[in-house]
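# Topology and contacts: notes
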Amino acid sequence: MKHKLLLALLVLSYAAFGQIPSSNPDFGIEQRPFSIEADYFYGSILEHNPDISHLITGHPRGVTLTFNRKTYGFKAWERFHRYPDWGVTAAYQNMQNEHLGEVFSAYGHYNFYFYNRHLVIRLGQGIAYATDPYDEVDNPKNNAYGTTLLSSTFLKLNYVRENVWRGFGFHAGIDIIHYSNANLRAPNNSTNTLGVNAGVSYLFDYENFPEYIPVQDGEKSSDYAEPIKYNFVFRFGLNESDVLGSGQSPFYVFSAFADKRINYKSTLQAGVDVFVLPFLKDYVEYRAIAFPEDGGTGTEDHKRVGLFIGHELRFNKVAFVSQLGYYVYYPFEFENRVYNRLGLKRYFFDDRYFAGVTVKAHWAKAEGVEFSLGIRL
């Protein structure tokens, strides 16, 4: 069952990152070179929170399998980003702790190359399946994973040598893997595994790999600048407070912001968020009853309003979103007044409409996974 779930997640990730072959009168028919990789990694769980110290009993280890779709500059975004790879990664990790168990995961990822393509930074986002999540009867000590399905992010920094001999290459480096359910259900203290990795790669049809297409004469990133656009977004999701058994509630966020695309890669943003948080309403009432010495009445407003600035890093129709906000309406003190948002969005229909998935957090503590739909005018 675990392997079937992992395969399904891998297929979904590939579908999300897939592209349709195209043609260009200047470059002909697009070629689709690709490579595969296999890694072994070994590491340690970082004690980012003293509440998970009892879960750090061994050195997690595991394997990853990776599919990379290689680019060579056929599209403008490939040239401006120095020919990155995109693809999917499947991973298995034994946490070396009886309460954490094992984790299977699948990701979509991008590879960014530096120093004559011998240094690569890989960023992946995906879904994980934990075999032994928290259970108040059978596994009460796992206060890191409150659900079977988790969100996961990984970051790799590797030295690489591709196509050293007949398509085979090797790589080695460091990585960090994060598992969290983003407060979908308590508990959610999460884990971060810092490790070292080493592996081999194989470039298919290596003898016919296309020449890299340079940035064309007169082609400038600033040519893609746009006038100010106005965006309206509806975000939604499910989450729960840190109080065990308090129950899940839907939440809603209404956002409006202006953006200015300054070049092919970057778009700047500034706007306002209105948060409607039923879980916070329940938490306000709970605090008033459980801790009357705090002086709460239980009737404080659970809504919030924040102002934010942000940036989008564009990859064709996909964008990586990063935003930093501050609550200007903050009637009940919970976490802190500064919040951040990270995630991905996908544009449709001449960039007029978009959908996205982001994680809203207060620094490193996630509050919820937001699914969004929006329009850009």
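Residues numbered from 1 in each chain as written. Predicted model: local features only at pLDDT ≥ 70, side-chain atom pairs only at ≥ 80, totals over all residues. Heavy atoms only, no water.

## Regarding the pairing of strand β6 (residues 102-114)
- Extensive coverage of β6 is indicated by the burial of eleven of its 13 residues.
- Across ten bridges, strand β5 (residues 85-94) lies against β6 in antiparallel orientation. Bridge pairing links Gln93 to Val103 in β6. (Buried < 20%, exposed > 50% of the residue type's maximum accessible area, 1.4 Å probe, protein only. Helix = DSSP H or I, 4+ residues; strand = E, 2+ residues; numbered from the N terminus. Pairing = 2+ DSSP bridges.)

## Quick notes on the side chain of Asp351
- Looking at where Asp351 falls in the secondary structure, it is placed in the loop between β16 (338-348) and β17 (353-362).
- Within the structure, Asp351 has its side chain in polar contact with the side chain of Lys317 (distance 2.9 Å).
- Residues in contact with Asp351, not counting those within four places in the same chain, are Arg261, Arg314, Lys317 and Arg376. (Polar contact = N/O pair within 3.5 Å; in protein donor to acceptor, adjacent residues only side chain to side chain. Contact = heavy atoms within 4.5 Å.)

## Thoughts on the pattern of salt bridges
- Applying the stated criterion across every chain, the model contains 18 salt bridges.
- For the salt bridge of Arg79 with Glu219, the shortest nitrogen-to-oxygen distance reads 2.6 Å. In this pair, Arg79 sits in helix α2 (residues 76-80) while Glu219 sits in the loop between β10 (191-203) and β11 (229-239), placing the two residues 140 residues apart along the sequence.
- A salt bridge links Asp273 to Arg341; the shortest N-O distance between them is 3.2 Å. Of the two residues, Asp273 is situated in strand β13 (residues 266-276) and Arg341 in strand β16; the sequence distance between them amounts to 68 residues. Judged on exposure class, the residue Asp273 and its partner Arg341 are both buried.
- Sharing partners across several salt bridges, the network here consists of Glu226, Asp259, Arg261 and Arg376. (Salt bridge = Lys/Arg side-chain N within 4 Å of Asp/Glu carboxyl O.)

## Here we look at the nonpolar core
- In this structure, Phe275, Leu277, Leu280, Tyr283, Phe332 and Phe334 are the most contacted members of the largest nonpolar core, which totals 20 residues.
- Those elements that provide at least two residues to this core are β12 (249-261), α3 (278-290), β15 (318-329) and β16.
- With four residues, the top contributor of residues to this core is α3.
- Not counting the four nearest positions on each side in its chain, Leu277 is found in contact with Phe251, His302, Arg304 and Glu367.
- With 17 residues, the next largest nonpolar core counts Ile52, Ala130, Ala144 and Leu150 among its residues. (Core = buried A, V, L, I, M, F, W, Y, C linked by side-chain atoms within 4.5 Å.)

## A closer look at empty space enclosed by the protein
- This structure, assessed with the given rule, holds five cavities of 30 Å³ or more.
- If you add up the space inside the largest cavity, you get close to 110 Å³.
- Taken together, Glu37, Asn111, Tyr113, Val120, Arg122, Lys156, Asn158, Val160, Glu162, Phe170, His171 and Ser201 form the lining of the largest cavity.
- Going through the elements one at a time, β6, β7 (119-130), β8 (149-165) and β9 (168-180) are the ones with two or more residues in the lining of the largest cavity.
- Taken together, the residues of the lining of the largest cavity break down into four nonpolar, four polar and four charged. (1 Å grid on protein atoms, 1.4 Å probe; cavity = no way out; pocket = protein on both sides within 12 Å on 5 of 7 lines; lining within 4 Å. Points joined across faces, edges and corners; volume = space filled by probe spheres on them. Nonpolar A, V, L, I, M, F, W, Y, C, P; charged D, E, K, R; others polar.)

## Re the sheet that holds β10
- Taking strand neighbours around the barrel as the criterion, the eight strands line up as β3-β4-β5-β6-β7-β8-β9-β10 in a closed arrangement whose pairing is antiparallel. Sheet twist, expressed as the mean angle between neighbouring strand axes with direction ignored, is 25 degrees.
- As paired elements, strand β3 (residues 34-45) and strand β4 (residues 61-69) share nine bridges and run antiparallel to each other. Its bridge partner being in β4, Phe34 is matched across the sheet by Arg69. (Axes fitted to C-alpha atoms, helices over the stretch in contact; angles between N-to-C directions.)

## What about the packing of aromatic side chains?
- Evaluated as defined, the whole model comprises 33 aromatic pairs.
- Between Tyr72 and Phe74, the ring centres sit 6.3 Å apart and the planes meet at 55 degrees, which makes this aromatic pair tilted.
- Through successive ring pairs, a cluster of aromatic residues spans Phe34, Phe67, Trp165, Phe168, Tyr202 and Phe204.
- Here Arg261 stacks its cationic end above the ring of Tyr264, 5.2 Å away from the centre of that ring.
- Across the ring face of Tyr339, the terminal group of Lys360 is positioned such that the distance to the ring centre comes to 5.3 Å. (Phe/Tyr/Trp six-rings, centres within 6.5 Å; stacked < 30°, edge-to-face > 60°. Lys NZ or Arg CZ within 6 Å of the ring centre and 35° of its normal.)

## Focus: the sheet that holds β12
- Read around the closed barrel, the eight strands follow the order β11-β12-β13-β14-β15-β16-β17-β18; overall the barrel is antiparallel. For this sheet, the mean angle separating the axes of adjacent strands, direction not counted, is 25 degrees.
- Each of β11, β12, β13, β14 (304-315) and β18 (365-376) is contacted by α3, which is oriented at about 125 degrees to β12, the strand it contacts most.

Treat this as a map of the structure, not an account of what it does.
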